[in-house]
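As a plain string of letters, each chain reads:
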Amino acid sequence: MPENYFDHAAACPLMPEAFEAMKPFLTDRFGNPHSIHSFGTEPVKALEQAREQIARFINAPTTSIVFTASASESNNLALKGLARAREKEGRHIVISAIEHQSVLKSAHALERLGFEVTEVKVDEHGIVHPKELEKAIRPDTILVSVQHASNEIGTIQPLAELAQLSHQHTALIHSDGTAATGRIPVDVTRLGVDSYAFSAQSFYGPKGAAALYLKTGTRPVPLIEGGVQEKGYRAGTEDIPSIVGMGKAAEVTRSRLAEWSAKMGRLSKRLLTELPRKIDQIVLTGHPEQRLPGHVSLCVEFIEGEAMLLSLDDQGIAAASGSACTARTLKASHVLLAIGLLHAVAQSSLVLTMGKDTTDEDIDHFLAELPPIVDRLRAMSPLYAKFKKGEDPYEARERSFKGGH
Ligand code: PMP
């Protein structure tokens, strides 16, 4: 097992406090929270306590939290559910070009149902500019979806401004907060969004627990119909152990976030400063300042991201090359292409996400191991050979990619 874990955006370890809180609900407190008899008493209390903990975590009213099983599900419920709820008022939806696949594909599914979708461009740092959003909004726009922060390039969006603008045009705004929660404080009331998706594994809770915040009065058509659980927005018996773990993880994270973010921010700044001094021809991606603490994203030109990941893994370092949800597809990331990178550069991507327990020693180890890996891989790279000879390394390769995606 790698000893240095730099892939917290894909999954954080379960915090012990959450594990302890979950245990009784995996064993003797197994009752259904909706049962009238006493086996239901503890589970229903625990469910509502978790709802309060989660609401406090994002500064929302307790009644505004709907539990789901993943952030993907929350994004699907928000997009498909809100579009269907408002379809009589209009059938146009606006999303940013760098959304997670669960937002992109939900929007594409709506297109197949006759909705129209406009993708808003981002700038070279991945920012959605209010002016660009305004250009995309039409009189029949019913819903806007812009992520709070990017898991791939770390950029934090001016979400409050985008929300205000959407509302001026009577559109609802949904935000995918999966990458933001656990790294920066989230206040959905101040942000002014109508819905906000996030999952427990971003802040050391268990997998299988996630939530969708729905501002009072925001009523999506449910994806899963059946019983009255989650006020009818999501039928099916709630996963009480995971939800309890999520609630506890939110409570602990809320009380420690300032300290953890400061530390992660210092460590990511170290990497962002020291990496360009150790390796030439690297492109730091995402916004230089408006970015998540503990998030470092870059392209190491002339080599493949996957080759770096395998070599790093051999040295006990776990990193990523983009979103875990599209890893193994070997496709260039749509996020990196949207910020204007060439395919060949986008394929040399490396994403390092730190966590509350990452140390300076982890950073030292990474800084010692990456440069020799890059040297070795570049020694085998035809692109690097061309670059060294003063030729354009990308021309032919870019041509071969045209039309491939
Ligand atoms: N949105 C973002 C920004 C993510 O990073 C992820 C996880 N990679 C998701 C959504 C999906 O999360 P989940 O796996 O909980 O469905």
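Residues numbered from 1 in each chain as written. Predicted model: local features only at pLDDT ≥ 70, side-chain atom pairs only at ≥ 80, totals over all residues. Heavy atoms only, no water.

## Focus: the pattern of salt bridges
The criterion, for reference: Salt bridge, as used here: a side-chain nitrogen of Lys or Arg that lies within 4 Å of a carboxyl oxygen of Asp or Glu. The helix count covers DSSP runs of H or I at least four residues long, the strand count covers runs of E at least two residues long, and both are numbered beginning at the N terminus. The buried label applies to any residue whose accessible area, calculated with a 1.4 Å probe on protein chains only, is under 20% of its type's maximum; exposed applies above 50%, and partly exposed to all values in between.
All chains considered together, the criterion is met by 21 salt bridges. For glutamate 42, the salt bridge goes to arginine 29, with nearest N and O atoms at 3.8 Å. Of this pair, glutamate 42 sits in helix 2 (residues 41-57) while arginine 29 sits in the loop between helix 1 (16-26) and helix 2, placing them 13 residues apart in sequence. The class of glutamate 42 is partly exposed, set by a relative accessible area of 32%. We classify arginine 29 as partly exposed; its relative accessible area is 35%. One salt-bridge network, in which partners are shared between bridges, spans Arg266, Arg270, Glu274, Asp360 and Asp364.

## Remarks on the domain arrangement of the chain
Heads up, the rule is: Either an automatic procedure or a domain database provided the assignment from which the domain bounds are taken. Note on contacts: a residue pair is in contact if any heavy atoms of the two residues lie within 4.5 Å. Defined here as a combined quantity, buried area equals the accessible surface (1.4 Å probe) lost by two parts on assembly, summed across both. Identification of polar contacts relies on pairs of N or O atoms within 3.5 Å, with a donor-acceptor requirement for protein atoms, meaning one able to donate a hydrogen and the other able to accept it, and with residues adjacent in sequence counted only if both atoms are side-chain atoms.
Split into domains, the chain comes out as domain 1 (16-253) and domain 2 (257-404). When each unit is reduced to the centre of its C-alpha atoms, the spacing between domain 1 and domain 2 is 29 Å. At the junction of the two partners, domain 1 supplies 29 residues and domain 2 supplies 30 residues. At the boundary of domain 1 with domain 2, total buried surface from both sides reaches about 2,400 Å², with 62% on carbon and sulfur atoms. By the criterion of area lost to domain 2, the three top residues of domain 1 are Glu152, Ile153 and Arg183, representing 34% of everything that side buries. At the junction of domain 1 and domain 2, the tally comes to zero salt bridges. At the boundary of domain 1 with domain 2, the tally comes to 16 residue pairs in polar contact (both at pLDDT 80 or more).

## Considerations on the pairing of strand 2 (residues 65-68)
Sheet faces and side chains relate simply in a regular strand, where the side chains alternate between the two faces. Stated precisely, the cut-off is as follows: A pair of strands counts as paired when DSSP detects no fewer than two bridges linking them.
Of the two faces of strand 2, the one carrying Ile65 and Phe67 and the one carrying Val66 and Thr68 are both buried. Two strands pair when backbone bridges link them, and strand 2 and strand 8 (residues 210-214) are joined in this way by four bridges, in the antiparallel orientation. Across the sheet, phenylalanine 67 pairs through a bridge with alanine 211, a residue of strand 8.

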